[in-house]
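Each chain, letter by letter, is given below.
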Amino acid sequence: MTQQSRSSVRTVIVPAAGMGTRFLPATKTVPKELLPVVDTPGIELIAEEAAQAGAEKLAVITAPNKQEIMEYFQSFPGLEKTLEERGRFEQLHKVRHAAELIHPVAIEQDQPLGLGHAVSLAEQALAEDEEFFGVMLPDDLVLPSGVMERMSQVRARYGGSVLCAFEVPEDEVSNYGVFDVYDPEPGDPEDVRRVKGMVEKPEPAEAPSNFVATGRYLLDREVFTALRKITPGKGGELQLTDAIELLIQEGHPVHIVIHRGKRHDLGNPGGYIPACVDFGLSHPVYGPLLRRTLSRILAEHESDTA
Ligand code: G1P
């Protein structure tokens, strides 16, 4: 297969330059992307998902004071040697895993000008013949993984750009980019809709649907041209949503894959804690004990409030 004809993504962009204010004080010294879900940082879960989707390169948009994210993907010769000498091969595998998954490249964003700006910086990381690329927001854990592969299939069929959507209740739409969609055509897959518009964080009354963008994008290279044209939008930031809306208005095909799995928002403690509980309960070692401990804690809290 030539590089051009392959349908899987080659580069995934991971915007990770945010200040992590919702996780202060921890984020004074630890980037939020390195906070562990059980024992594995969110950035490694993203790298794993990107590699599973076929990507070879992870273009990480970092801030000057967040070098630890790239260090995480390096080798640790001293630690590896000690673990090897002690026969701790399971731990050794864990230490090496991130570096083996994917090739990371760092791109610095020195000013927080928005998601659209962050993505635009990664154009330099793509090869000339790369017609499309992925964007994965590390705050969003989309489960079960595999939605990027489904999005690649949809792009192979319809061309253009493909985004992941969840259906959320009306009172939650204002937290997201919201899609205006066409009714499905006969023969269209049940989980796919063509998009006729996209709006960033509308008021519930103005939201065109309950389908919202959730951190997984497969974007045609054309989006870089649109990103050069947009002006600051919601919150005074350059919004990726506005570039996608512009593409749609220019006639570029944009589709969504409606993902009916579950999702965790690692961007704030209220979403991070349930993610840890969810992953912890599924963990072969910690799961059974955690289940008992959680039941006890819940009972204690219930008796406190009785
Ligand atoms: C960003 C995007 C938004 C999208 C959301 C998904 O918003 O701008 O369109 O729906 O991610 O998590 P943020 O959560 O960074 O404010």
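Residues numbered from 1 in each chain as written. Predicted model: local features only at pLDDT ≥ 70, side-chain atom pairs only at ≥ 80, totals over all residues. Heavy atoms only, no water.

*Asks:* Quick rundown of unusual backbone geometry? Include the residues and the values.
*Replies:* Note that the residue after L24, namely P25, is joined by a cis bond; omega there is 10°. The topology assignment puts P25 in the loop between strand 1 (11–16) and strand 2 (36–37). Backbone torsion omega between L143 and P144 reads -10°, so that peptide bond is classified as cis. At V38, a position not held by glycine, the phi torsion is positive, near 65°. (Helix = DSSP H or I, 4+ residues; strand = E, 2+ residues; numbered from the N terminus.)

*Asks:* Quick one: what's the story with the pattern of salt bridges, residue by residue and with numbers?
*Replies:* Per the stated rule, a full pass over the model turns up 18 salt bridges. Note that K32 is salt-bridged to D139, the shortest N-O span being 3.2 Å. With K32 in the loop between strand 1 and strand 2 and D139 in the loop between strand 6 (132–136) and strand 7 (140–143), the pair connects residues that are 107 residues apart, well separated along the chain. Here K32 falls in the buried class, since its relative accessible area comes to 17%. For D139, a relative accessible area of 19% corresponds to the buried category. The shortest N-O distance in the salt bridge between D191 and R150 comes to 2.7 Å. In this pair, D191 sits in the loop between strand 9 (177–181) and strand 10 (192–200) while R150 sits in helix 6 (residues 147–158), placing the two residues 41 residues apart along the sequence. Given a relative accessible area of 16%, D191 falls into the buried group. (Salt bridge = Lys/Arg side-chain N within 4 Å of Asp/Glu carboxyl O. Buried < 20%, exposed > 50% of the residue type's maximum accessible area, 1.4 Å probe, protein only.)

*Asks:* Now, about the site of the ligand: what can you tell me, with residues and values included?
*Replies:* Around the ligand there are 13 residues in total, and D140, G177, E200, K201 and A213 lie nearest to it. Between the ligand and the protein, one listed contact pairs an oxygen atom with a backbone N or O atom of G177 at 2.9 Å. When the free accessible area of the ligand is taken as 380 Å², the share hidden by the protein chains comes to 74%. Broken down by element, the residue count for the shell around the ligand peaks at three residues, all from strand 11 (residues 211–220). Within the shell around the ligand, the residues separate by chemical class into five nonpolar, four polar and four charged. (Near = heavy atom within 4 Å. Polar contact = N/O pair within 3.5 Å; in protein donor to acceptor, adjacent residues only side chain to side chain. Areas by Shrake-Rupley, 256 points an atom, 1.4 Å probe, with all protein chains shown as cover. Nonpolar A, V, L, I, M, F, W, Y, C, P; charged D, E, K, R; others polar.)

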